[in-house]
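Tertiary structure, described
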Amino acid sequence: MTELSPAAQEVLLNYGNKSRGPGMCISLCQAWMDGDEPCNFACDACRIAAISKPERSGLAAALRAAADQVVPEERKPSADSDYHLMNWTKALDTYYQRKQTRAEILAIAAELEGSNG
Ligand SMILES: [Zn+2]
């Protein structure tokens, strides 16, 4: 399995916990190897491994849509416009924070899309 960041793992786990019905997992996880029975999604590794490529793409698309809604791409506030210096500094600050948040969400989306189900 691809090494995923904690954030991406958390997204997949939450999705897996909600969407996975009862069933037998087929991953050769540590729990199975130790206990010689499938763990039946008792372990995080199996819950994450069971999420398919299309499901991961769907999650990535949802994350991108959320980023577009909450922290859409914005133009950098320009110094020469209607800002007083204080306000401009504050606007720049906000701009960079939002840009950073957006980048982090999109990075999770890219990671999910690049990972194997
Ligand atoms: Zn397992």
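This report concerns the structure included in the present document. Here the structure is a predicted model, which is why all the values come from computation and not from measurement. (Residues numbered from 1 in each chain as written. Predicted model: local features only at pLDDT ≥ 70, side-chain atom pairs only at ≥ 80, totals over all residues.)

1. Here we look at helix 5 (residues 85–114)
Definition in use: Each helix corresponds to a stretch of at least 4 residues labelled H or I by DSSP, and each strand to a stretch of at least 2 residues labelled E; elements are numbered beginning at the N terminus. Expected span, for any helix, means 1.5 Å times one less than how many residues it has. With C-beta atoms placed from the backbone, a residue counts as buried when 20 or more other C-beta atoms lie within 10 Å of its own, as exposed when 12 or fewer do, and as partly exposed for counts between those limits.
The first and last C-alpha atoms of helix 5 sit 43 Å apart over 30 residues, in line with the 44 Å expected at 1.5 Å per residue. Buried residues of helix 5: Ile108, Ala109, Glu111 and Leu112, and no others.

2. So, helix 4 (residues 53–70)
Our working definition: In this description, the arc belongs to the directions extending from the helix axis to the C-beta atoms.
A rise of 1.5 Å per residue sets the reference length of helix 4, with its 18 residues, at 26 Å; its end C-alpha atoms lie 26 Å apart and thus fit the reference within 8%. Residues of helix 4 that are buried include every one of Arg56, Leu59, Ala60 and Leu63, and no others. The buried residues of helix 4 occupy one face: seen down the axis, they fall within an arc of 100°. Within helix 4, the exposed residues directed more than 90 degrees away from the buried face are Pro54, Ala65 and Gln69.

3. Observations concerning the environment of asparagine 116
Here asparagine 116 is to be found in the segment after helix 5. Residues asparagine 116 and alanine 50 lie 66 residues apart in sequence; the distance between their C-alpha atoms is 9.8 Å.

4. As for the nonpolar core
Put simply, the rule reads: Under the definition applied here, buried Ala, Val, Leu, Ile, Met, Phe, Trp, Tyr and Cys residues are grouped into a nonpolar core through C-beta atoms within 7 Å.
Residues Val11, Ile108 and Leu112 are the most contacted members of the largest nonpolar core, which totals 16 residues. Within the residue set of this core, elements represented by two or more residues are helix 1 (6–19), helix 3 (44–49), helix 4 and helix 5.

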